[in-house]
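These are the residues of each chain, in order.
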Amino acid sequence: MSSPTPDVLALLEATLDAVVIMDDRGRVLAFNASAEEMFGYRAADAIGRNVSMLMTSQDRQEHDGHVKRYLTTGESRVLGKGRDVRVRHRDGSEFSVFLSVGRIPRTDPPQFVGYLHDTSLRRKALATLEKERQLNRLYLDLAQVMLVATDRNGMVQLVNQRAVRVLKKKDQEILSSNWIDTCVPPEDRPTARAAFRNLLMSGSDEPQSCEYHVRSADGEDRFVTWRAVALRDADNVTTGIMLSGEDITEQQRAETEARRAVERMNSVSRLATMGEMAAGISHELNQPLAAIANYAQACARLLRVPSPDLPEIGGALDQIAGQALRAGEIIRRIRSLVRNEDVRREPLDINGLIREMHALLATDARVHDGRLDLDLHEDLPPVTVDKVQIQQVLMNLVHNAFEAQSVQPGSEPIDVRIATRLTDEGDIEVSVNDHGPGLAADLEQKIFEPFFTTKATGTGLGLAISRSIIKAHASRLGYRANEPRGACFYFVLPAHVETAS
Ligand code: ADP
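Residues numbered from 1 in each chain as written. Predicted model: local features only at pLDDT ≥ 70, side-chain atom pairs only at ≥ 80, totals over all residues. Heavy atoms only, no water.

Trainee: Teacher, can you tell me more about the site of the ligand here?
Mentor: Neighbouring the ligand are 19 residues; N400, T453, T454, K455 and L463 lie closest to it. A distance of 2.9 Å separates a nitrogen atom of the ligand from a polar side-chain atom of D434. One of the side-chain N or O atoms of T454 is found 2.4 Å from an oxygen atom in the ligand. Notes on the ligand: free accessible area 530 Å², of which the protein chains cover 94%. The site holding the ligand turns out to be the largest pocket. Going through the elements one at a time, α13 (387-406), α14 (462-472) and β17 (487-493) are the ones with two or more residues in the shell around the ligand. Residue contributions to the shell around the ligand peak at 3 residues, all from α13. (Near = heavy atom within 4 Å. Polar contact = N/O pair within 3.5 Å; in protein donor to acceptor, adjacent residues only side chain to side chain. Areas by Shrake-Rupley, 256 points an atom, 1.4 Å probe, with all protein chains shown as cover. 1 Å grid on protein atoms, 1.4 Å probe; cavity = no way out; pocket = protein on both sides within 12 Å on 5 of 7 lines; lining within 4 Å. Sits in = over half its atoms within 2 Å of the grid points. Helix = DSSP H or I, 4+ residues; strand = E, 2+ residues; numbered from the N terminus.)

Trainee: Where do I start with empty space enclosed by the protein in this structure?
Mentor: To find leftover empty space, a probe the size of one water molecule is rolled over the atoms. Tallied over the full model, the rule gives 1 cavity of 30 Å³ or more. If you add up the space inside the largest cavity, you get close to 440 Å³. Lining the largest cavity are 24 residues, with M22, M55, H63, L99 and V101 sitting closest to its centre. Where the lining of the largest cavity is concerned, the elements lending two or more residues are β1 (18-22), α4 (57-73), β3 (83-88), β4 (94-104) and β5 (111-117). Among the elements that make up the lining of the largest cavity, the one with the highest residue count is α4 (6 residues). (Points joined across faces, edges and corners; volume = space filled by probe spheres on them.)

Trainee: Sorry if this is basic, but what is going on with the side chain of R222 here?
Mentor: With respect to the element layout, R222 can be found in strand β9 (residues 221-232). Among the polar contacts made by the side chain of R222, one reaches the side chain of E220 at a distance of 2.8 Å. There is a polar contact of 2.9 Å between the side chain of R222 and the side chain of D247. Excluding anything up to four places from it in sequence, R222 contacts V166, Y212, H213, V214, D247, T249 and E250. (Contact = heavy atoms within 4.5 Å.)

This is the structure:
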């Protein structure tokens, strides 16, 4: 038995495949490092033993027959032909290899060399690859977004289950067809094409967003917001695009519905405001009209006496004229409110405004046999207000204050006090105070609701309108208990700031 030369052995050691050399009786002459690793035998243990130890029991029998036939007839079914065989590891486990066997030239008796290539590794790698492929497919199909990949021409290369479900088509129908031509409705194709072209031309790696519909097989359009990225090969050449799309049809429907609901609500509340306004007009006009009627009756009475007091009649007629103007002004203001016109604001002295109204408000005092006191803080900064609107508020509050006191039994003096003061913040507080019953805690918010009234002939609009006027002046009409009893309605107006013109 002659062993391979050292040169040959060195060559064998460098070979990645397992190499086994054997003699004509099947005894191992050489066993390289890869063979050691493949079979778990050390070369020293393998050399001299029969090569059949590396074979499965079935191959072992056939192997002896192959060698015998070759030696007697020179015919070989094995030599020079590669084939897949199962072999046996030292630990008894079997595995597949690709085996090619050749006769070593100029050996007599003949020697044979076997190259064994471990195909199980390749198979394992293929299996791993397949598993990864399945896993990727699973990820794609589990995704809640539509995923579509196309080549540079827009031909679909990949589509996930979500997209298939939305489009209600078979994968095969979508694959290899042009994405835009087959899945996007004609009216959205220009948008889709522009987005596609932009992405291919931009060369950017940033995902780009766009929105367009897709049309399903049954003709239903779904609105989708897309994120798209360019796909590139190893040389960074753009090969196509990957689209991820979220079907926002329902969301969009819900938004449209919500918007409509808000619009409906707004128009209902506008109507309600108009209704309030109509009722408010009659409420507000009642006061000047009642005053006009009173003064007119007074004039008639004064004229019936033999020598009428002309200056007094003149004064009453002035009042009538003043009240009629005020009524006209109220109508004008309300019309401008309805038309959403800007209210006419001007900087003015609030104490002056209150003093101006004193005569008018005092008629209310007289009706109730009461007194109207003014407690005005001097040297207040001016406020920017709509004069007529603030007058309306004060008239409402003063009127309520007298009414509240006149219902209480007993001989308490009926008096109302209008006060102004400077707050710590430098703003101006205006309050109307009375000594009536005040408000039970549960009524403190209710009284500002339109139509809330505790009076037999009340409209329940005075405070609601007053509050919205004060709100339009960026302030709030509030209530607090008066000390030691009664009600105090107040509002705070910001001091007028001179702006440089
Ligand atoms: P109306 O005077 O027509 O009832 P308002 O909106 O002016 O409508 O007032 C609503 C309710 O608030 C009144 O019915 C009354 O119960 C209560 N209220 C208003 N001002 C006072 C006050 N100064 N003292 C006690 N209660 C008041």
